[in-house]
Structure formats: structure tokens, C-alpha cells
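Residues per chain are reported as follows:
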Amino acid sequence: MKILAVDTSTALSSIALVDSGTAISMASHNDARGHVEAIGSLFTQLSLDSHYLPELIACGIGPGPFTGLRVGIAFAQGLSAAWSVPVTGVCSLDAAANLIIRETLVAPGSEFIAATDARRKEYYWARFDGRGNRLSGPRVESIQTVTSLAADLSIPLISGVLPHAIDIAARAERGDRHEVSPMYLREADAQPSAPVSL
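Residues numbered from 1 in each chain as written. Predicted model: local features only at pLDDT ≥ 70, side-chain atom pairs only at ≥ 80, totals over all residues. Heavy atoms only, no water.

A. Expanded view of the packing of helix α3 (residues 92–102) against helix α5 (residues 165–173). One way to put it is that α3 packs onto α5 with a least axis distance of 8 Å and a crossing angle of 100 degrees. Regarding the angle of α3 to α5, the classification is roughly perpendicular. Packed against α3, whose contacting residues are S92, D94, A95, A97, N98, L99 and R102, the element α5 presents I166, D167, I168, A170 and R171 at the interface. Here the contact of α3 with α5 is composed, by residue class, of six nonpolar, two polar and four charged. (Axes fitted to C-alpha atoms, helices over the stretch in contact; angles between N-to-C directions. Helix = DSSP H or I, 4+ residues; strand = E, 2+ residues; numbered from the N terminus. Parallel < 35°, antiparallel > 145°, perpendicular 65-115°, else oblique. Contact = heavy atoms within 4.5 Å. Nonpolar A, V, L, I, M, F, W, Y, C, P; charged D, E, K, R; others polar.)

B. Broad picture of the environment of A38. Inspection of the secondary structure assignment puts A38 in helix α1 (residues 35–45). Judged by relative accessible area, which is 7%, A38 ranks as buried. Taking C-alpha positions, A38 is 28 Å from A126, a pair spaced 88 residues apart along the chain. In contact with A38, other than residues within four places in its own chain, are S13 and H29. (Buried < 20%, exposed > 50% of the residue type's maximum accessible area, 1.4 Å probe, protein only.)

C. Quick look at unusual backbone geometry. With an omega of 15 degrees, the peptide bond running from G62 to P63 counts as cis. By the element assignment, P63 lies in the loop between β4 (56–60) and α2 (66–83). That bond from G137 to P138 is cis: its omega, 5 degrees, falls within 30 degrees of zero. Tracing the backbone through its elements, the reader meets P138 in strand β8 (residues 134–142). Residue K121 is not a glycine yet carries a positive backbone phi of 60 degrees. Following the sequence through the fold, K121 ends up in the loop between β6 (109–117) and β7 (122–130).

D. Highlighting the sheet that holds strand β1 (residues 2–7). With respect to topology, five strands assemble into an open sheet ordered β3-β2-β1-β4-β5, the strand pairing being mixed. Because the sheet does not close on itself, it has two edges, and the strands there are β3 (22–30) and β5 (87–90). This sheet shows a mean twist of 15 degrees between the axes of neighbouring strands, independent of strand direction. Note: β1 against strand β2 (residues 12–19), six bridges, orientation antiparallel. Residue pairing across strands places I3 opposite V18, the latter belonging to β2. Where α5 meets the sheet, its contacts fall on β1, β2, β3, β4 and β5, and the angle it forms with β1 comes to roughly 130 degrees. (Pairing = 2+ DSSP bridges.)

E. Representation of the pattern of salt bridges in the model. The tally for this structure, following the rule as stated, stands at seven salt bridges. With a closest N to O distance of 3.2 Å, R102 and E103 form a salt bridge. Overall, R102 belongs to the partly exposed group, its relative accessible area being 40%. Here the salt bridges do not stand alone but share partners, grouping R102, E103 and D167 into one network. (Salt bridge = Lys/Arg side-chain N within 4 Å of Asp/Glu carboxyl O.)

F. Spotlight on the side chain of D167. Assignment of secondary structure puts D167 in helix α5. For D167, a relative accessible area of 1% puts it in the buried group.

By themselves, these figures tell us nothing about what the structure is for.
Put into C-alpha cells, the structure is as follows:
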């Protein structure tokens with residue numbers, strides 16, 4: 001299956017065209033505040049052919065920061081509408097787990113916790129079995145809490161891994177698909193101001 005995947009759930013913006021598990025073309029840019037500027041440029045770097053359109057578009061839906069998630073999701077939905085190709089969401093921690101297993105960052109078959117930076121000295125995290133099936137989460141909790149949990153369970157905590165679009169595509173191909181809606185685990189930092197009486 002040909003899948004075009006996008007992820008902007010972390011500081012890494014990435015996009016990839018994958019065919020039956022093989023990356024045909026991909027591009028990425030690491031800048032926590034540069035998702036809007038990066039995603040269009042990354043798209044132009046892909047080797048796309050008008051006769052080689054994807055059969056599915058997959059996008060990371062988080063958990064992640066509000067602005068970053070909206071950029072990737074809106075971009076994927078725009079491509080879906082332009083190309084009349086279905087779009088699906090993928091939990092970005094599932095993609096991180098795929099990367100962890102693909103890069104053999106844990107012993108084969110071992111349970112582990114995948115965590116990404118949620119700022120405020122917190123992690124977005126989820127627990128996985130050795131095949132990458134999610135056992136619990138996603139959640140957002142303090143780094144100390146997640147570290148203690150991993151120690152109590154005697155399983156590795158893998159943090160600092162940035163999910164990539166090729167792993168979004170891999171999870172979509174294996175059927176780990178969700179509604180295309182941002183997975184927010186807490187309120188936005190910016191809130192509307194209270195009305196002011198004049």
C-alpha cells in the first residue's frame with residue numbers, strides 16, 4: 001500500500017512516501033517552533049509523481065503541543081481533499097514505539113515505556129509490549145512519576161525519541177488507525193482572556 005505520512009507532534013516535522021513498507025522518499029526538519037514554515041518545504045522535497053499518488057494519507061495525532069499537531073493534521077486533511085484520498089490518524093507514541101523496535105533500542109520482545117517531551121518537566125508516555133502493541137496510555141505525567149513507574153515495573157523507559165513519518169506510515173499499514181482528531185491530554189497554555197467591562 002502506498003501511504004503518504006506526516007508528523008508534527010514533536011519538534012521534528014517529517015513527511016514520507018512509503019510503498020509496502022519501503023520508504024520511497026522522505027524529508028524532515030527539527031525545530032520546535034517551525035512546523036508551519038517547514039511542512040510545505042518538506043512536501044516539495046518529496047519525489048512525487050502524478051501517476052503515483054498514495055492510496056492513504058496518515059498523520060500523527062499526538063499527543064503533542066496544540067500548534068504542532070494542528071499543522072500536520074490540517075496539512076494531511078488538505079492533501080486528502082485535494083487528491084480525494086482517505087486520511088487516517090495515528091497515535092504518535094505508537095509511531096515512537098515502532099521506531100524504538102525498528103532501531104532495536106530495547107531487547108527484542110521486551111516491554112517498554114515510550115516517552116516524548118511534554119514540557120513543564122512532564123512526559124507524554126505509553127507502555128508497549130515487545131511487538132509494539134500499546135498496553136496503557138497515552139498519558140501525561142511528571143518525568144519523576146514516569147521514571148518511577150518504569151523502575152517499579154523493571155522495564156526500560158525510552159525517552160527523547162522523536163517519531164518519524166515513516167513510522168506513522170508503518171503503524172497505519174498495520175491497522176493502528178484512529179479518527180483524525182488531535183490527541184490533547186491537557187488544556188492549552190494560551191487561554192481566552194476574561195471579558196472586560198467598560
